[in-house]
Amino acid sequence: MGLNYRGLRQGDPMSQLLFVLVMEYLSSVLKCMSNLPDFQYHPMCKHIKLTHLIFVDDLMIFCKGDASSVARVMEALIHCSAVTGLVANVDKSSLFIAGVEDDTKEQLLGMTGFSLGQFPIRHLGLPLSSKKWNKLDCQQLIDKITHKIQSGYSKQLSYTGRLQVVNAVLLLYIVFGAHWYWQTINALKSVMQNWYTQGRYNLTHSGKYSITASYNAMLGNQTRLRIADLVWTSVAQPRHRMIVCQAMETSLYLFAECGWLKQVRDAIVSWAGILVHRGEVKQVLETIRRKHWKQFYKEVVAAIWGAVL
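Since this is a predicted model, take the numbers as computed values, not measurements. (Residues numbered from 1 in each chain as written. Predicted model: local features only at pLDDT ≥ 70, side-chain atom pairs only at ≥ 80, totals over all residues. Heavy atoms only, no water.)

1. Comments concerning the overall build of the protein
Working step 1: From N to C terminus, the protein includes 13 helices and 8 strands.
Working step 2: Sequence separation of at least 24 residues holds for 57% of the intrachain contacts in the protein that already meet a minimum separation of 6.
Working step 3: Summed over all atoms, the accessible surface of the protein reaches about 20300 Å², with 57% contributed by carbon and sulfur. (Helix = DSSP H or I, 4+ residues; strand = E, 2+ residues; numbered from the N terminus. Contact = heavy atoms within 4.5 Å. Areas by Shrake-Rupley, 256 points an atom, 1.4 Å probe, with all protein chains shown as cover.)

Shown next, in the form of structure tokens:
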């Protein structure tokens, strides 16, 4: 690593670590700021005490639209600039204001020196507005994901490389479809509540929590499946293993209700070259198990299939 008076070069492997360290300090400063008596949260963020969101090259700070709250935010930014040497680019910074009088709006713009922002805007190539996404907005997201999947470079990747692309793409896929997933996971809560009586764990004589006892209680009288070796592998990510296990309990896929997520799933399966007919999860895994493939190849195909459920 070459250090000089101009700092780290673009693309230096230390850049990500330094970014995280600096943003962690900024997060700590903003958290301390939120405890000040004259700072008030944004009305939509007060319940979860949210003050900011940090992306790769963007920072969003939320507060109530009054002079005292904005003043505390600016003090926090000035303090971070003095400590880290990073200064906010005023030309690329905007202030989004709603529900305040015009004189208050002018006062806040004068305090910050930022320009007045107007919704909708584009963030990371996608529309960002105060309203709920419509079908057209979702379609733009689908087009971007499928274009990345079907690009010429990605077609040359090995199956292991394709699995990494699937996991990266489906991180966004999981975020936008998580409510179907959590509805299924939360069905276990009623079962798990019976494990406790007045706060005492009932599955062991000592009352001490046991992962093994909890697992056996969830398993019940079920027998071990021959396809389990294709589910609990080091190739598949933990969240995808859980999704496959939950999906095997029903004939429907967890995300089958969402049409535009189905388009993403079908594009990934086609790009990955998975020549397995669609069906129930158990049937698909049994088909993969019977294939005359190497075990590692079976695990990779099963992992990709499980990731796109």
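2. Topic: the side chain of D66
Working step 1: As for its placement among the helices and strands, D66 is situated in the loop between β2 (59-61) and α2 (67-84).
Working step 2: As a buried residue without a salt bridge, D66 has its nearest oppositely charged side chain in K64, at a separation of 4.8 Å.
Working step 3: For D66, the side chain forms a polar contact with the side chain of S68, separated by 3.2 Å. (Buried < 20%, exposed > 50% of the residue type's maximum accessible area, 1.4 Å probe, protein only. Lys, Arg positive; Asp, Glu negative; His and termini not counted. Salt bridge = Lys/Arg side-chain N within 4 Å of Asp/Glu carboxyl O. Polar contact = N/O pair within 3.5 Å; in protein donor to acceptor, adjacent residues only side chain to side chain.)

3. What to know about the pattern of salt bridges
Pairing of side chains with opposite charge becomes possible as their charged atoms draw close.
Working step 1: A complete count under the given rule lists 4 salt bridges for this structure.
Working step 2: The partner of D38 in a salt bridge is R72, with the nearest N and O atoms 2.2 Å apart. A residue pair is termed long-range when its members are at least 10 positions apart, and D38 in the loop between α1 (14-34) and β1 (52-54) and R72 in helix α2 qualify at 34 residues.
Working step 3: Judged by relative accessible area, D38 falls into the partly exposed class, the value being 29%.
Working step 4: For R72, the salt bridge is made with E75, and the minimal N-O distance between the two is 2.6 Å. On the criterion of helical spacing, the pair formed by R72 and E75 is a turn pair, its members being 3 residues apart in helix α2.
Working step 5: Here the salt bridges do not stand alone but share partners, grouping D38, R72 and E75 into one network.

4. A few points about the confidence of the model for the protein
Working step 1: When pLDDT is averaged along the protein, the result is 76; 71% of the residues meet or exceed 70.
Working step 2: Element-level pLDDT for the protein is lowest in helix α6 (residues 178-185), with a mean of 51, against a maximum mean of 93 in α2.
Working step 3: With pLDDT under 50 throughout, residues 1-5 is counted as low confidence; its partners more than four residues away or in other chains account for 6 contacts.
Working step 4: A low-confidence stretch, residues 175-181 stays under pLDDT 50, and its non-local contacts, those more than four residues away or across chains, total 14 contacts. (pLDDT = per-residue confidence, 0-100.)

5. Things to note about a negative patch on the surface
Working step 1: A contiguous patch of negative charge on the surface is contributed by E101, D102, D103 and E106.
Working step 2: Mapping D102 onto the fold places it in helix α3 (residues 102-112). (Patch = residues over 30% accessible without salt bridge, like charges linked within 9 Å, V, L, I, M, F, W, Y side chains within 5 Å. Charge placed at Lys NZ, Arg CZ, Asp CG, Glu CD.)

6. Examining the state of the cysteines
Working step 1: Following the criterion strictly, the structure yields 0 disulfides and no others.
Working step 2: With no disulfide of its own, C63 lies closest to C45 among cysteine sulfurs, the gap being 9.6 Å. (Disulfide = S-S within 2.5 Å.)

7. Focus on the packing of aromatic side chains
In this description, a pair of aromatic rings is defined by centroid distance and the angle of the planes.
Working step 1: One pass over the full model with this rule turns up 5 aromatic pairs.
Working step 2: Between W293 and Y297 the ring centres are 4.7 Å apart and the planes differ by 85°, which places this aromatic pair in the edge-to-face class.
Working step 3: Its relative accessible area of 28% is what places W293 among the partly exposed residues.
Working step 4: Classification of Y297 as partly exposed rests on a relative accessible area of 26%.
Working step 5: An aromatic cluster is present here, built from Y196, Y201 and Y209 joined pairwise through their rings. (Phe/Tyr/Trp six-rings, centres within 6.5 Å; stacked < 30°, edge-to-face > 60°.)

8. Considerations on a nonpolar patch on the surface
Working step 1: A contiguous nonpolar surface patch, about 270 Å² in accessible area, is contributed by L17, L18 and L21.
Working step 2: Looking at the secondary structure, you find L21 in helix α1.

9. A few points about the environment of M44
Working step 1: Mapped onto the elements, M44 comes out in the loop between α1 and β1.
Working step 2: Residue M44 is classed as exposed on the basis of its relative accessible area, which comes to 71%.
Working step 3: Sequence separation between M44 and C63 is 19 residues, and the spatial gap between their C-alpha atoms is 9.4 Å.

10. Focus on the packing of helix α12 (residues 281-290) against helix α13 (residues 295-307)
Working step 1: In the contact formed by α12 and α13, the axes pass within 10 Å of each other and the chain directions differ by 165°. If you check the angle between α12 and α13, you find them roughly antiparallel. By crossing handedness, the relation of α12 to α13 is classed as right-handed. Residues V284, L285, I288 and R289 of α12 lie in contact with α13, whose contacting residues are K298, V301, A302 and W305. (Axes fitted to C-alpha atoms, helices over the stretch in contact; angles between N-to-C directions. Parallel < 35°, antiparallel > 145°, perpendicular 65-115°, else oblique. Left-handed = near helix turned anticlockwise from the far one by under 90°.)

11. Notes on the side chain of S93
Working step 1: Looking at the secondary structure, you find S93 in the loop between α2 and β3 (94-95).
Working step 2: Judged by relative accessible area, S93 falls into the buried class, the value being 15%.
Working step 3: Residues within four places of S93 in sequence aside, it is in contact with A88, F114 and S115.

12. Looking at the packing of α2 against α3
Working step 1: It is the contact of α2 with α3, at a shortest axis distance of 10 Å, that shows an interaxial angle of 10°. Of the possible angle classes, the one that applies to α2 and α3 is roughly parallel. Crossing of α2 over α3 shows right-handed handedness. Of the residues in α3, those in contact with A67, V70, A71 and M74 of α2 are Q107, L108, M111 and T112.
Working step 2: When its residues are assigned to classes, the contact of α2 with α3 shows 6 nonpolar, 2 polar and no charged. (Nonpolar A, V, L, I, M, F, W, Y, C, P; charged D, E, K, R; others polar.)

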